Amino acid sequence: MIEQVMGGFAKEMPKTSEYNDKYEFTGETKIIKINGETHTLYRIRATKDIVDESGKVIARKGDLGGFIEKEDNLDYSSNAWVSEGAMVFDNARVDGNALVYGSAMIFDNAHVSGFSRIFGNAWVHGNAQVNGDAKIFDNAHVSGDAQVLGNARVVDNAQVYGNAKVFGNAYISGFASVFGNAQVYGNAWVHGNAQVYDNAQIEGNAKVYDNAKVFGNAYISGFASVFGNAQVYAFAVVANNAKVYDDAQVFGFASVFGNAQVYGNARVYNIAWIYDDAQIFGNAHIFGNAHIFGNAQVFDNAWVFDNAQIFGNAHIFGYARIGGNAKVYDNAQVYGDAQVFGFASVFDNAQVYGIAQVYGNAQVHGNAQVFGDTQVYNIDVTEKSVKEKDVKEAERH
């Protein structure tokens, strides 16, 4: 935290090397107190034209630069430059073809190099490293042992810290935070108030935004999006064009991919898979080794678990429970407080509802309806309604 900045003029200048023909110190100073320590910084002046490796003129001989505390802060053998009101001090170093300008501050043990650009009111401090063609600007902060490399951008009020690494064409903006051992790379975007931390990885063209959190060892890739108040954590994967949003949570070793969507207050966990164009929403829970795919939808307070599979255009809703090795597919619907478990199958246009139970090796299909408090097991039900309390096991010939 900056406590005080005062300007003035000094009679004595910091020592410079006899080999430094790049810049000189002027008498103009700034005295800055930050984190309880006082530093005297000196404005510099170019003593020759400074041209970067691309041939671009960075400063002309005689141009005033920014403020540094000592010669070690700005490499005199490179094309790096500090200009305008920018400040570099403590053990920080700027070299390569890097530029620091505006009101930016580089301090502690930070290292800025390559063709990177730090400007606006940005801060780079701690042991942070900024390299490549990276840009840090606006009010962004990069600190700790963080690295921002390649063509990455950290802008607005975003923060990157801890051991986090942002590289490739990644873009961190808004009030977003990337920290811990997190990595954001490729063309990924993290913005809004989003947080990415622990060992999480965001890559490809993935986006994490709004108030979303991605943490643990979670992995977001492809064109996937995590937004709203959604959380993806533990070892969960969200990939391809999948979306997780609202207050939904995906965790454990669960995977959401394809064009699947998980939203509302839905929960997907354990080693469950949601893929294709499937949708999970409301207060639905998908867990165990369950697979939901095709155009299937699971919503309201329904649960699908164990090794159950829901696919095709099937709908599971209400307080329905699908477990065991059960399958519900085609245009079938299971709803109300109905239960389907064991090795049972419900398919075609069949409906199971009320407090009905279908289990064992039962099959309900065609246009059959099973409802009320009916129990169906080890029997084939098709093309009719079944509402008796118990349907006995059919004799098989």
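Novice: What am I meant to see in the overall build of the protein here?
Specialist: Scanning the protein from terminus to terminus reveals zero helices and 59 strands. Here the C-alpha atoms of the protein give a radius of gyration of 31 Å, more than 25% beyond the 21 Å that 2.2 N^0.38 yields for 397 residues. In terms of its C-alpha atoms, the protein occupies a principal-axis envelope of roughly 105 × 40 × 20 Å. Relative to its 397 residues, the protein shows a buried fraction of 52%. Taking all contacts inside the protein whose residues are at least 6 apart in sequence as the whole, residues at least 24 apart take part in 9%. For the protein, the accessible area works out to roughly 16,500 Å², and carbon and sulfur atoms hold 45% of it. Charge-centre separation for the protein: the mean point of 28 positive side chains lies 5 Å from the mean point of 42 negative side chains.

Novice: Explain the pattern of salt bridges to me, please; I cannot follow it from the model alone.
Specialist: Side chains that differ in charge, positive against negative, can pair when their charged atoms come close. Scanning all chains against the criterion turns up six salt bridges. With a shortest N-O distance of 2.7 Å, E24 and R45 are connected by a salt bridge. Placement of the pair is E24 in strand β2 (residues 23-34) and R45 in strand β3 (residues 37-46), with a sequence separation of 21 residues. Two residues, R93 and D95, come together in a salt bridge whose shortest N-O distance is 3.5 Å. Assessed through its relative accessible area of 29%, R93 is described here as partly exposed. Beyond isolated ion pairs, a larger network of salt bridges with shared partners links D75, R93 and D95.

Novice: Would you take a moment to explain the packing of aromatic side chains for this structure?
Specialist: Aromatic ring pairs are described here by two measures, namely the spacing of the ring centres and the angle between the planes. Taken as a whole, this structure holds 36 aromatic pairs when the rule is applied. Aromatic pair F235 and F253: ring centres 4.8 Å apart, planes at 5°, arrangement stacked. With a gap of 18 residues between them, F235 in the loop between β32 (231-232) and β33 (237-238) and F253 in the loop between β35 (249-250) and β36 (255-256) connect regions that are remote in the sequence. Seen in terms of ring centroids, F257 and W273 are 5.4 Å apart; in terms of plane orientation they differ by 80°. Their pairing is edge-to-face. Of the two residues, F257 is situated in the loop between β36 and β37 (261-262) and W273 in strand β39 (residues 273-274); the sequence distance between them amounts to 16 residues.

Procedures and definitions
Residues numbered from 1 in each chain as written. Predicted model: local features only at pLDDT ≥ 70, side-chain atom pairs only at ≥ 80, totals over all residues. Heavy atoms only, no water. Helix = DSSP H or I, 4+ residues; strand = E, 2+ residues; numbered from the N terminus. Rg over C-alpha atoms; globule rule 2.2 N^0.38 Å. Buried < 20%, exposed > 50% of the residue type's maximum accessible area, 1.4 Å probe, protein only. Contact = heavy atoms within 4.5 Å. Areas by Shrake-Rupley, 256 points an atom, 1.4 Å probe, with all protein chains shown as cover. Lys, Arg positive; Asp, Glu negative; His and termini not counted. Charge placed at Lys NZ, Arg CZ, Asp CG, Glu CD. Salt bridge = Lys/Arg side-chain N within 4 Å of Asp/Glu carboxyl O. Phe/Tyr/Trp six-rings, centres within 6.5 Å; stacked < 30°, edge-to-face > 60°.

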